[in-house]
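# A structural walkthrough
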Amino acid sequence: MIDLIKHYGKITALDGFMLDVEEGETVVIMGPSGCGKSTSVRCINRLVEPDHGRILLQEQSVLDMNRRDLLALRKKIGYVFQGFNLIGRFNVLENVMFGLVMDGKDEKLARDRAMLALSRVGMDESWQQKPAELSGGQQQRVGIARALAMEPQLMLWDEPTASLDPILVREVLDVMEELIATSNTTMIIVTHEVSFARRVADRIVLMDKGRVVETGTPDRIFEEPQSDIGRKYKRLLVS
Amino acid sequence: MLTVFSDGFAKDLLSIFIVTILVGSLLAAGGAWAVDTYFGDTAAGLVGELGQYDAVIHIRKEAKEAAIPEFKRIIEESLPGAKWKEGITIAGKTNLFLGLPDEYYSADIFQNLASYFAGVSGFSGVTIVAEPSIVISGVNQGVRQELVSEIELFDNVRCAFTKGSDVYVLLETVDESSRVRERITGLLESYQLIEFRLPLDTDPQDIQGLSATLQEQITAKFQPRVLKDISSGEDDQSVQSFRKVLHEMKSFLLTYASRVEITLTEANDVHPGERLMVTNGDTGDLVVEVLQVNERLASALVIVGDASNMTASLECMPIYRLLPQDQVGEQVGTVTISNERYRLAQAIDDSVELLQELEGLAEDADTAVSNAEQTLKTFQRALVQLGQLQQQLTQLSQSPNGTPQGTELLLTLLLNNLFKEAMGAGDDPVGSFKDLDVAAMQDTLESISTRIGAISTIDLEQIIEQIRFVKDSLPQLADEEIGQSVALIDQYLGGDVIPGSKIEFLLDGNIPYQELEHSLQGLDGFEHIDVFTLPVGVIMPSAISVLFNVLSEVRGIIAGLLSIVFVVLVFLLDQATILNAARRLLLNSCRGNRRRLRTLVPTVLFGAASGSLLLSAIYWLSGGNIPHLNTFLVFVLGALIGTVMALLAERISPVNGEEILAAEALGLSYAQILREIVIPAGRPGIVQTINQRRKKC
């Protein structure tokens, strides 16, 4: 992601954001609220269209893709939303199958893959339930399963625990840690969970006011922070 | 917007539009048909099918049970072959439809239909519904018969007649009705009514004079083909008769009232209409109104008080001027008041008495005549005997020895004296008696006897009874009542009771009214007169034709209204969802500044186009026809509906942005998002129904 700029009216969400991610790398993006973390992640699969800049994915310019290629790209990118974004009229299994069925997959195959994904997040027993019948943590796990079911090459996590209470946060983070540990999928995670970030990240990117202020390994960031944001996070970690 | 729909959803959209248009057209047309059928049936029940019946007889519904048998009887007896049907009851009246056979299809029958059924219980009027027909309404009474006479000569006119102030023209066929209508229009336009509105206080005498003056003036100026005074009002015959009766009543009342004759003093001057007062202890104060003044004599009418109980005339009573607030002014003269009613009553009583005496007189006279006749006969015999005696005496006086002449003379003298003393018969009584024309006397006596016989045959009792009846029938009116009644009659005849004295002329239609008015400007008193021109009549479409025309319009109007309602509903239920979702998808994919505005414009344009297309198509297919709403306006209205709905789409039909975002993140196309996420979550409607077959999940 090169020099991304994004405005929402008079507000500048991204102001020359730069990031590159290696394949198989787990990158955690952190920063104060409103610094452009979610916007930067959404620009990757063009859920948000940046006003300026370049996004290269495997040397292919994402911003120049036509509609068909973009849709194909999105199928390779799993996205986990802060607000779960489940489809209310579907049950758990249908939610997880949805992307596969829309992609033309055979229903049985879709069902099998969906159940597998649900079992990975521990939600296979609840496959008949509707989202409204689930807790926040359960809904988020279904959201994760939905993304996993597509067998993405890249997973984008947009503050997946921000809407959960502390008990449920733990539940989801455990799932995430396990997934990260057992897969080679490239992951870009936006989170405020400092401990989690230190445990799972290959690299931490600190943002402020729409741009990257510091980037490095978790050890380096939390032991020798170079930026104010870094120092604040270090204090959080210590406390 | 096209970007969103070109992603495979265009076919869906096409299907949606086609189905929406078909469903909308069917609903609008069906609804209009249902309303039309309902009202048509109701109207047919009310007035019959167009042309099926000729008249509707209205009967109060309470009397229906009794009326119908009577109605049927009248038809069977007076209009055999007529068909009838009981229609619906509305507004408390049952309608009986009547269809006349050809032989009764005439002006007389139609004009007098009411009289046929007037005796039916609950009868409440007749409405003529014969078709084809032309009705001319508001025709002045003075023109009606002329119009009828002229119109009856037109081709294709079966008959014409008047009913109230309308002229009905029944036609042979409907094909030529427009031609007849044109001719009637031309006929009506060949006349005009000129109305001169006069001030309320105009004297009836003046109206007559003014009418004559106006006619002279108009004739001199314009030489009109037609100029006729038709000022008698709406109902000429009856009003004329009524006026005549009132005149006679006034004459009678004036004759019947107490006679007031005033001898004015030289120095005083009174006028007709002026009020004077007589103070009198016997009758109470009387107020009289002067009727006529002729030098020093005046006649008046009692208007306050009553002299009808006087048995003797009041003579030479002082009479005073009556001032405002009933103050008595100076004496103006003397008055004699005689109670004519009392005198009349007395005369009647005397007549009765006379008649009663007459009978006895006739009897006595008859007896006298009989006696006279007997006497005459006896006299006649005596005369003959005397003649014989005279002859005998003469013979005696002429004896052979010659009775001395002195004896004859003595006998003659004795006879003469006898006759003189007995009968006063003159110097030559025997000669006089010989000269009596006994035959003539007998004839005279016979004549008298005949006349007395004739009197005897007269039913005097009956005459006496009738004369008493007349006396008893004499109105018991006080002078005051008479006076007030006369005043009221004068008011009516002067035009005040029927307000707005006017003069109406029937005139050529081609004389310009402004020119006419201008030419009369110089006439004396014309400045207070208002002049109007009016048509002699106006062709009205028959109520039945109007009703059925309105019904046919109703169908078009209902279809049009239903089309509009349907389009609005379609937008509320279906289109708003699509518009809102499409705009959101467009917004997400839009780069740069003013994204909201840039996405709003195509959304609104799309909404306007959809609205125009849907409304125009449905309106046209359903047969919509709202007056003053032409094709262009329908198009514009549809665009307006679509525009408003597009602007309000977000509020009318919100969509779940999180679900749309999740679907986008999963790589779904716009079409898939609309089919799988947006439409199934929207309101039930045509779009959702069609989408059931298209969505996968």
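It should be emphasised that the depicted structure is a prediction, and the values quoted were computed from it without experimental measurement.

The next point concerns the overall build of chain A. Within chain A one finds 9 helices and 11 strands. Evaluated residue by residue, chain A yields a buried proportion of 46% over its 239 residues. Considering only intrachain contacts with a sequence separation of at least 6, the fraction spanning at least 24 residues in chain A is 64%.

A separate point is the overall build of chain B. A tally of regular secondary structure across chain B gives 23 helices and 18 strands. Classification of the 697 residues of chain B by burial places 28% in the buried group. Sequence-distant contacts in chain B: of pairs separated by 6 or more residues, those separated by 24 or more amount to 73%.

Looking now at the pairing of strand 14 (residues 314–323) of chain B. All names here are of chain B. Looking at chain direction, strand 11 (residues 275–278) and strand 14 are connected through 2 bridges and run antiparallel. In the strand pairing of strand 14, methionine 277 is matched with tyrosine 320. Inspection of the sheet shows strand 14 paired to strand 15 (residues 327–338) by 7 bridges, in the antiparallel sense. When the bridges of strand 15 are listed, proline 318 appears paired with threonine 334. Linkage of strand 14 to strand 15, two consecutive antiparallel strands, is achieved through a turn of 3 residues, within which glutamine 325 is found at a positive phi near 60°.

With that settled, consider the interface of chain A and chain B. On the side of chain B, 23 residues touch chain A, which itself brings 22 residues to the contact. Mapped by element, the contributors of at least two residues to the side of chain A that touches chain B are helix 2 (67–76) and helix 3 (92–102) of chain A. Residue composition of the side of chain A that touches chain B, grouped by class: 10 nonpolar, 4 polar and 8 charged.

With that out of the way, let us pick up unusual backbone geometry. In this structure, the amide linkage connecting glutamate 131 of chain B to the following residue, proline 132 of chain B, adopts the cis form with an omega of -5°. Mapped onto the elements, proline 132 of chain B comes out in the loop between strand 4 (123–128) and strand 5 (133–137). Of note in this structure, lysine 209 of chain A is not a glycine but carries a positive phi near 55°. Secondary-structure assignment places lysine 209 of chain A in the loop between strand 10 (203–208) and strand 11 (211–216).

Right, let's get into the environment of glutamate 152 of chain B. Tracing the backbone shows glutamate 152 of chain B in the loop between helix 6 (141–151) and strand 6 (157–163). Filtering out sequence-adjacent residues up to four positions away, glutamate 152 of chain B remains in contact with Val157, Cys159 and Ala160 of chain B.

Another point: the packing of helix 5 (residues 136–149) of chain A against helix 6 (residues 166–182) of chain A. Residues and elements named next belong to chain A. Between helix 5 and helix 6, whose axes approach to 9 Å, the crossing angle comes to 20°. Considering their axes alone, helix 5 and helix 6 lie roughly parallel with respect to each other. When you trace helix 5 past helix 6, the crossing you get is right-handed. Residues Gly136, Gly137, Gln140, Arg141 and Ile144 of helix 5 form the contact with helix 6, whose own contacting residues are Leu168, Glu171, Val172 and Val175. When its residues are assigned to classes, the contact of helix 5 with helix 6 shows 4 nonpolar, 3 polar and 2 charged.

Below, the discussion takes up the sheet that holds strand 5 of chain B. Residue and element names in this part refer to chain B. What the 4 strands build is an open sheet, ordered 6-7-5-18; its pairing is antiparallel. Two strands close off the open sheet at either side, each with one partner strand: strand 6 and strand 18 (538–540). Across the sheet, the axes of successive neighbouring strands diverge by a mean angle of 25°, strand direction being ignored. Together, strand 6 and strand 7 (166–171) form the strand contacts of helix 6, whose direction differs from that of strand 6 by roughly 170°.

The next point concerns the confidence of the model for chain B. Fine structural detail should not be taken from predicted coordinates in areas where pLDDT scores are low. All names here are of chain B. Averaged over every residue, the pLDDT of chain B is 82; residues scoring 70 or more account for 86%. Mean pLDDT across the secondary structure elements of chain B bottoms out at helix 12 (residues 429–435), with 58, and peaks at helix 19 (residues 631–647), with 94. Within the model, the stretch residues 496–500 combines pLDDT values under 50 with 6 contacts to residues more than four positions away or in other chains. Interface confidence for the predicted complex, given as ipTM, is 0.93, next to a pTM of 0.55.

Residues and elements named next belong to chain B. As for its placement among the helices and strands, glycine 142 is situated in helix 6. With 20 C-beta atoms counted inside 10 Å, the residue glycine 142 sits in the buried group. Distance from glycine 142 to glutamate 504, taken between C-alpha atoms, is 9.4 Å for residues 362 residues apart in sequence.

This part takes up the sheet that holds strand 13 (residues 297–304) of chain B. What holds strands together in a sheet is hydrogen bonding between their backbones, with the strands either parallel or antiparallel. All names here are of chain B. The sheet built from 6 strands closes into a barrel, its strands ordered 10-13-12-11-14-15 with antiparallel pairing. Taken over all neighbouring pairs, the strand axes of this sheet differ in orientation by 45° on average, direction set aside. Bridge count between strand 10 (residues 259–264) and strand 15: 6 bridges; the pairing is antiparallel. Across the sheet, threonine 263 pairs through a bridge with threonine 334, a residue of strand 15.

By size, the foremost hydrophobic cluster in this structure holds 124 residues, and its most contacted members are Val96 and Ala145 of chain A. Leaving out residues up to four positions away in the same chain, alanine 145 of chain A has contacts with Val96, Ala117, Leu118, Arg120, Val121 and Met123 of chain A. Of all hydrophobic cores here, the second largest spans 53 residues; its members include Phe71, Phe117, Ile136 and Tyr168 of chain B.

Pairing analysis gives 5 bridges linking strand 1 (residues 2–8) of chain A to strand 2 (residues 11–17) of chain A, with the strands arranged antiparallel. Note that in strand 2 of chain A the partner of lysine 6 of chain A across the bridge is leucine 14 of chain A.

Moving on, we come to the packing of helix 21 (residues 657–665) of chain B against helix 22 (residues 670–678) of chain B. Residue and element names in this part refer to chain B. Between helix 21 and helix 22, whose axes approach to 10 Å, the crossing angle comes to 135°. By the criterion of interaxial angle, the relationship of helix 21 to helix 22 is oblique. In the packing of helix 21 onto helix 22, the handedness of the crossing is right-handed. Counting all contacts with helix 21, which are made through Glu659, Ile660, Ala663 and Glu664, the residues of helix 22 involved are Ile673, Glu676, Ile677 and Val678. Taken together, the residues that form the contact of helix 21 with helix 22 break down as 5 nonpolar, no polar and 3 charged.

This part is about helix 2 of chain A. Inspection of helix 2 of chain A places Leu71, Leu73, Arg74 and Lys75 of chain A among the buried residues, and these make up the whole buried set. Where helix 2 of chain A is buried, its residues contact strand 5 (56–57) and strand 7 (77–80) of chain A together with helix 21 of chain B.

Take helix 7 (residues 177–189) of chain B next. Each turn of an α-helix holds 3.6 residues, which means side chains three or four residues apart point in the same direction. Between its first and last C-alpha, helix 7 of chain B extends 18 Å over 13 residues, near the 18 Å set by a 1.5 Å rise per residue. Here the buried face of helix 7 of chain B lies against strand 5, helix 6, strand 6, strand 7, strand 8 (191–197) and strand 18 of chain B.

On to the environment of threonine 603 of chain B, then. Residue and element names in this part refer to chain B. Within the element layout of this structure, threonine 603 appears in helix 18 (residues 595–621). For threonine 603, a count of 24 C-beta atoms within 10 Å gives the class buried. Distance from threonine 603 to threonine 643, taken between C-alpha atoms, is 8.6 Å for residues 40 residues apart in sequence. Residues within four places of threonine 603 in sequence aside, it is in contact with Met1, Leu579, Ala582, Arg583 and Ala646.

About the cut-offs
Residues numbered from 1 in each chain as written. Chains lettered and ligands numbered in written order. Predicted model: local features only at pLDDT ≥ 70, side-chain atom pairs only at ≥ 80, totals over all residues. Helix = DSSP H or I, 4+ residues; strand = E, 2+ residues; numbered from the N terminus. Buried ≥ 20, exposed ≤ 12 C-beta atoms within 10 Å, placed from the backbone. Contact = placed C-beta atoms within 7 Å. Pairing = 2+ DSSP bridges. Nonpolar A, V, L, I, M, F, W, Y, C, P; charged D, E, K, R; others polar. Axes fitted to C-alpha atoms, helices over the stretch in contact; angles between N-to-C directions. Parallel < 35°, antiparallel > 145°, perpendicular 65-115°, else oblique. Left-handed = near helix turned anticlockwise from the far one by under 90°. pLDDT = per-residue confidence, 0-100. Core = buried A, V, L, I, M, F, W, Y, C linked by C-beta atoms within 7 Å. Expected span 1.5 Å × (residues − 1).

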